[in-house]
Amino acid sequence: MSSSTSNVPGQREDFYARIDAYNAAPLWEVLDDLVPAQPRGRCIAALWRYAQLRPFLLESGALISAREAQRRVLVLENPGCRGEARITSSLYAGLQLLLPGEVAPSHRHSQSALRFVLEGSGAFTAVDGERATMHPGDMILTPSWTWHDHGSEVDEPVIWLDGLDIPLVQFLDCGFCEQLGEDAQSLTRPEGDAYARYGSNLLPVNYQARGLHSPVFSYPYARSREVLETLSRTDAIDPHHGVCVKYINPTTGASVLPTISCDIRLLPGGLHTRSYRATDARVFAVVEGHGRTRIGEQSFEWGPRDIFVVPSWVPHRHEADSDAVLFSYSDKVVQEKLGLWREHCGTD
Ligand code: 1HN
């Protein structure tokens, strides 16, 4: 071996150092990471046990008011990317608490949000001039740039899961936010108006879409639970998904938000789903039932109100001990629009 050949590593380091001064770097040192053979994001599988987090959330209620905090939320951070306020690469999750008599003042932002109610009844979110009263299992949207505020006039704490596309909007550097400067926006329509207008398989004849989101803001659990029950009585159970329905914009059939897809599934007691993987990392909230989800080599036991996350492209399977209902959300719709989404249904 000639001395010049054996010194190649040193020559390369020297070369890298010289081009570094000009903000340039060698692709060949990072190519495998930039273009992996298959997804290997930093986000990992994880579960947040509601019983462990609830006391901390209530403790935060004594430390700061909803008004002072704007939103009193404990962010669920993926252990693989702590400090980044993300549960997956593109999505945010948090547990929000509203105490009796509190308001979370009105604002709007480019980021789209969904709320999935975990505990307590009777608080409300107002969106675009209409209130939606919260009950456990309800899914409520606050689409991009819609004014929204929350209020509670009931005598129990109300807690919900917030799902937002914050990391995605951050990545694209296209975030804006405005405060209304008032606790609550003025109400322009009675509660139930949007559901009657747009959610009844009927549309006002002169309906024109405003934005890319569903004009229905509230998807009550009573309705979705009834649908799951009805389908489970007649349909064959899908071996990978159980009885699974997606939340849609009823005027188009598209996902409820342009950046977030959501669905809800019933896993009949005793069901062990087959192995499944997809490129959309997925956040699950348990509504009813007990069981476990095997994610890669790990197993996560869950019960009502627990939250867990399945990373992109990691095979997973659910096992329901009793009839279980799981809500979930992901960026599937974004990947589909970009022609990037893939899934694989295992046979095991
Ligand atoms: C937000 O507007 C809410 O309106 C909750 O309840 C969580 C996290 C980051 C940015 C905006 C809400 C949020 C948020």
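Structure: above.
All of the points below concern the structure found in this document. Only a predicted model underlies this, so the values are computations on that prediction, with no experimental measurement involved.

Okay, the sheet that holds strand S6 (residues 124-127) next. What the five strands build is an open sheet, ordered S7-S6-S9-S4-S11; its pairing is antiparallel. Two strands in the sheet have a free side with no partner beyond their single neighbour: strand S7 (130-133) and strand S11 (177-179). Looking at each pair of strands side by side, their axes are set apart by 25° on average, direction ignored. Pairing analysis gives three bridges linking strand S4 (residues 103-109) to strand S9 (residues 148-151), with the strands arranged antiparallel. Pairing of Ala104 across the sheet is with His150, part of S9.

For the rest of this paragraph, the subject is the nonpolar core. The biggest cluster of nonpolar side chains holds 40 residues, and the ones touching the most others in it are Met139, Leu161, Phe327 and Tyr329. For Phe327, the residues in contact, after removing those within four places along its chain, are Leu114, Phe116, Met139, Tyr247, Cys262, Asp263, Ile264, Val283, Phe284, Ala285 and Val287. Membership of the second largest hydrophobic core comes to 14 residues, among which are Leu267, Val286, Phe300 and Ala320.

Spatially, the six strands line up as an open sheet ordered S1-S19-S16-S21-S14-S13, and their pairing is antiparallel. Single-partner strands in this sheet number two, and they are strand S1 (46-48) and strand S13 (243-246). The mean angle between the axes of side-by-side strands here comes to 20°, regardless of whether they run parallel or antiparallel. Sheet analysis places S1 next to strand S19 (residues 307-310), joined by three bridges and oriented antiparallel. Looking at S19, one finds that Ala46 is bridged to Val309. Taken strand by strand, helix H8 (residues 221-234) contacts S13, strand S14 (261-267), strand S16 (282-288) and strand S21 (324-330), and its axis lies near 50° from that of S14.

Turning to the pattern of salt bridges, a few remarks are in order. Inspection of every chain in the model, using the stated rule, returns 27 salt bridges. Between Glu84 and Arg86 there is a salt bridge, with the nearest N and O atoms lying 3.1 Å from each other. Ionic pairing is found between Glu319 and Arg292, a salt bridge with its closest N-O pair at 3.0 Å. Pair noted here: Glu319 is in strand S20 (residues 316-320) and Arg292 is in strand S17 (residues 291-295), with a separation of 27 residues, a long-range link. Classification of Arg292 by relative accessible area gives buried; the value is 13%. Within this structure, Arg292, Arg294, Glu301, Glu319 and Asp321 form a network of salt bridges that share partners.

The terminal C-alpha atoms of helix H4 (residues 50-63) lie 20 Å apart, and with 14 residues this matches the ideal 20 Å at 1.5 Å per residue to within 8%. What H4 keeps buried is the set Tyr50, Leu53, Leu57, Ser60 and Gly61. Buried residues of H4, seen end-on, are gathered within an arc of 110° and therefore sit on one face of the element. In this structure, H4 carries Ala51, Gln52, Phe56, Ala62 and Leu63 as exposed residues pointing more than 90 degrees from its buried face. Tucked into the core, H4 has its buried residues touching S1, strand S2 (73-75), strand S3 (92-98), strand S5 (113-119) and strand S10 (158-164).

We now examine H8. A rise of 1.5 Å per residue sets the reference length of H8, with its 14 residues, at 20 Å; its end C-alpha atoms lie 20 Å apart and thus fit the reference within 8%. Those residues of H8 that sit buried are Tyr221, Ser224, Arg225 and Leu228. Axial view of H8: buried residues confined to an arc of 100°, hence all on one face. Opposite the buried face of H8, by more than 90 degrees, sit the exposed residues Ala222, Arg233 and Thr234.

Although it is not a glycine, Asp128 sits at a positive phi angle of roughly 50°. Note on placement: Asp128 falls in the loop between S6 and S7. Positive phi outside glycine occurs at Trp313, with the angle close to 65°. The residue Trp313 is located in the loop between S19 and S20 in this model. Judged by its relative accessible area of 14%, Trp313 falls in the buried class.

Turning to the site of the ligand, a few remarks are in order. Every residue lining the ligand is accounted for by Arg71, Tyr92, Gln96, His107, His109, Arg115, His148, His150, Asp162, Leu164 and Ile166. Between an oxygen atom of the ligand and a side-chain N or O atom of Gln96, the distance comes to 3.0 Å. The contact in question runs from an oxygen atom of the ligand to an N or O atom on the side chain of His150, over 2.6 Å. If the ligand stood free it would expose 330 Å²; the protein chains cover 83% of that surface. Secondary structure elements with two or more residues in the shell around the ligand: S3, S4, S9 and S10. By residue class, the composition of the shell around the ligand is three nonpolar, five polar and three charged.

Cut-off values and rules
Residues numbered from 1 in each chain as written. Predicted model: local features only at pLDDT ≥ 70, side-chain atom pairs only at ≥ 80, totals over all residues. Heavy atoms only, no water. Pairing = 2+ DSSP bridges. Helix = DSSP H or I, 4+ residues; strand = E, 2+ residues; numbered from the N terminus. Axes fitted to C-alpha atoms, helices over the stretch in contact; angles between N-to-C directions. Core = buried A, V, L, I, M, F, W, Y, C linked by side-chain atoms within 4.5 Å. Buried < 20%, exposed > 50% of the residue type's maximum accessible area, 1.4 Å probe, protein only. Contact = heavy atoms within 4.5 Å. Salt bridge = Lys/Arg side-chain N within 4 Å of Asp/Glu carboxyl O. Expected span 1.5 Å × (residues − 1). Arc of directions from axis to C-beta. Near = heavy atom within 4 Å. Polar contact = N/O pair within 3.5 Å; in protein donor to acceptor, adjacent residues only side chain to side chain. Areas by Shrake-Rupley, 256 points an atom, 1.4 Å probe, with all protein chains shown as cover. Nonpolar A, V, L, I, M, F, W, Y, C, P; charged D, E, K, R; others polar.

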